[in-house]
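Coordinate inspection notes
Each chain, letter by letter, is given below.
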Amino acid sequence: MKVKTILVSQPEPKMENSPYSRLIEKEKVKVDFRPFIHVEGVDAKTVRQQKIDISKYSAIILTSRNSVDHFFRIAEEMRFKVPDTMKYFCQSEAVAYYLQKYVVYRKRKIYVGKRNFVDLLPLFKKYKDEVYLLPSSDVLKPQVPETLEQAGINWTRGIFYRTVISDLSDLRNVYYDILVFFSPSGIESLLKNFPDFEQNNTRIAVFGNSTINAATEAGLRIDIKAPTPETPSMTMALQKYINDVNKK
């Protein structure tokens, strides 16, 4: 069956010339964006109940833009002025760049990984005497604590925000040729919102091994996988699949 409509279970990209824009233009398909999950911050009282006093930490580990936003939100709620001496360990350049929303970049001690969390391991070992705080969601990839334990550093996890399933009831009678997922939480949201979901001719596209596992466990048929050596991005995987089926 030819592909005409795609639903991506994420917010719409803010950049004008995103890979999805090129996909829409080249393949003449309709692509909608809808977050299947969203993030809600916890309050300062909940953070204090976790026995977290931000003043006790000399370094902050930031894995995403959400962790940046919610760390500074909680600091403000606690009326804690983050000192200039604070060190920031950012999982990627994108996270480090986003940090500029809150701090003057050139005046701060900011250490950046390549992309994956494990890339920070040499930095943690180099700065093993710091006392680290990891502001995170209630959902955390196993690789994160595994890497921190391997580094042998003094670290504490604080749940500063939660991943919440979005209400998708307005999509009950809306059908798409492809549904695109990037996390196990997205699969969980689909099944919570539509417990009677039947895949039929709907194609499922998934990104990453944990999402593949979640979709498989849910009994879904996976038609498109990324990343692969041939298609390292989701848009490339979608384009290849659309090319193959729409030409038939």
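Residues numbered from 1 in each chain as written. Predicted model: local features only at pLDDT ≥ 70, side-chain atom pairs only at ≥ 80, totals over all residues. Heavy atoms only, no water.

Right, let's talk about helix H9 (residues 234-246) for a bit. In this model H9 runs 18 Å from its N-terminal to its C-terminal C-alpha over 13 residues, within 8% of the 18 Å that 1.5 Å per residue would give. Within the span of H9, buried status applies to Met234, Thr235, Ala237, Leu238, Tyr241, Ile242 and Val245. Viewed along the axis of H9, the buried residues span an arc of 155°, placing them on a single side of the element. Contacts from the buried residues of H9 go to strand E1 (5-8), helix H1 (19-27), strand E9 (178-181), strand E10 (203-207) and strand E11 (222-226). (Helix = DSSP H or I, 4+ residues; strand = E, 2+ residues; numbered from the N terminus. Expected span 1.5 Å × (residues − 1). Buried < 20%, exposed > 50% of the residue type's maximum accessible area, 1.4 Å probe, protein only. Arc of directions from axis to C-beta. Contact = heavy atoms within 4.5 Å.)

Another point: the nonpolar core. In terms of nonpolar packing, the biggest core is built from 27 residues, with Leu62, Phe71, Phe72, Tyr88, Cys90, Leu99 and Phe160 touching the most fellow members. Of all the secondary-structure elements, those providing two or more residues to this core are helix H2 (44-49), strand E4 (59-62), helix H3 (65-77), strand E5 (87-90), helix H4 (93-98) and strand E8 (154-165). Formed by 19 residues, the second largest nonpolar core is a distinct cluster that contains Val3, Phe33, Ala226 and Ile242. (Core = buried A, V, L, I, M, F, W, Y, C linked by side-chain atoms within 4.5 Å.)

This brings us to the sheet that holds E9. Paired through backbone hydrogen bonds, the strands of a sheet run either parallel or antiparallel to each other. The five strands are arranged E2-E1-E9-E10-E11 in an open sheet whose pairing can be described as parallel. At either end of the open sheet lies a strand with only one pairing partner, and these are strand E2 (30-33) and E11. Pairwise comparison of adjacent strand axes, ignoring direction, gives a mean angle of 20° for this sheet. In this sheet, E10 lies alongside E9 in parallel orientation, the contact comprising four bridges. The partner of phenylalanine 181 across the bridge, within E10, is valine 206. (Pairing = 2+ DSSP bridges. Axes fitted to C-alpha atoms, helices over the stretch in contact; angles between N-to-C directions.)

Strand order in the open sheet made by the six strands is E3-E8-E7-E4-E5-E6, with mixed pairing throughout. A strand with exactly one partner marks an edge of an open sheet, and here the two such strands are strand E3 (37-41) and strand E6 (109-112). On average, each strand axis in the sheet is inclined to that of its neighbour by 25°, with strand direction left out of account. One ladder, built from four bridges, connects E4 with E5; its direction is parallel. Paired with isoleucine 60 across the bridge in E5 is tyrosine 88. Running at roughly 175° to E8, helix H6 (residues 143-151) makes contact with E4, strand E7 (131-137) and E8 of the sheet. On the sheet, helix H7 (residues 184-193) packs against E3 and E8 and is oriented at approximately 35° with respect to E8.

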